[in-house]
Amino acid sequence: MSLQVTILKVLASHDSGRAPLTSLNRDIAILSASGAEWSARIRRLAARVAAIDVFGCGYVQRDAEGWQITAAGREFLDALEAVTQDNQPPVPIQRRPVVPEASTRPEGALIVIGHRFKSRIGRHRDAAPRNPRAIQDEKAI
């Protein structure tokens, strides 16, 4: 089904609405390999139609020169691509961040990053400030 929608899209993209079969096949191959966006778009469009036969419905005519989209085919494609809620791009919902009120906000502790403190291991807390001579005397004991 999505192949038939792709055929309609490719034929409608040509100025005259006509394309030789080789050109049509090349365009379809390029679009099929172009990425997930194209595939998703065609799948969305194809999902809007239960069943479609582009030749049986008279949307496309074939002859010796190639395939051509008809006026009915263009009308069908326009109706299929009409802007509706399900084929519009999603609109991002902007939510405001939840900020607690100032009265309920707990006081934060100070966090110091990247500061080196001197090690306090081995210091005598009950001793008075020392002079270099007192330190030498302790080492001798």
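Scroll up a little and you will see the structure.
Just so it is clear, the structure is predicted and the values come from calculations on it, not from any experiment.

Draft legend 1. Representation of the packing of helix α1 (residues 2-13) against helix α4 (residues 71-80) in the model. Look at α1 against α4: their axes get within 10 Å of each other, and the N-to-C directions meet at 110°. Of the possible angle classes, the one that applies to α1 and α4 is roughly perpendicular. Considering how the two elements wind past one another, α1 and α4 form a crossing that is left-handed. Contacts from Val5, Leu8, Lys9 and Ala12 in α1 reach Arg74, Phe76, Leu77 and Leu80 in α4. Across the contact of α1 with α4, the residue classes break down as six nonpolar, no polar and two charged.

Draft legend 2. Structural view of the pairing of strand β2 (residues 60-63). Here four bridges tie β2 to strand β3 (residues 66-69), and the two strands are oriented antiparallel to one another. Residue pairing across strands places Gln61 opposite Gln68, the latter belonging to β3. Here β2 hands over to β3 after two residues, the two strands then running antiparallel side by side.

How each quantity is defined
- Residues numbered from 1 in each chain as written.
- Predicted model: local features only at pLDDT ≥ 70, side-chain atom pairs only at ≥ 80, totals over all residues.
- Heavy atoms only, no water.
- Axes fitted to C-alpha atoms, helices over the stretch in contact; angles between N-to-C directions.
- Helix = DSSP H or I, 4+ residues; strand = E, 2+ residues; numbered from the N terminus.
- Parallel < 35°, antiparallel > 145°, perpendicular 65-115°, else oblique.
- Left-handed = near helix turned anticlockwise from the far one by under 90°.
- Contact = heavy atoms within 4.5 Å.
- Nonpolar A, V, L, I, M, F, W, Y, C, P; charged D, E, K, R; others polar.
- Pairing = 2+ DSSP bridges.

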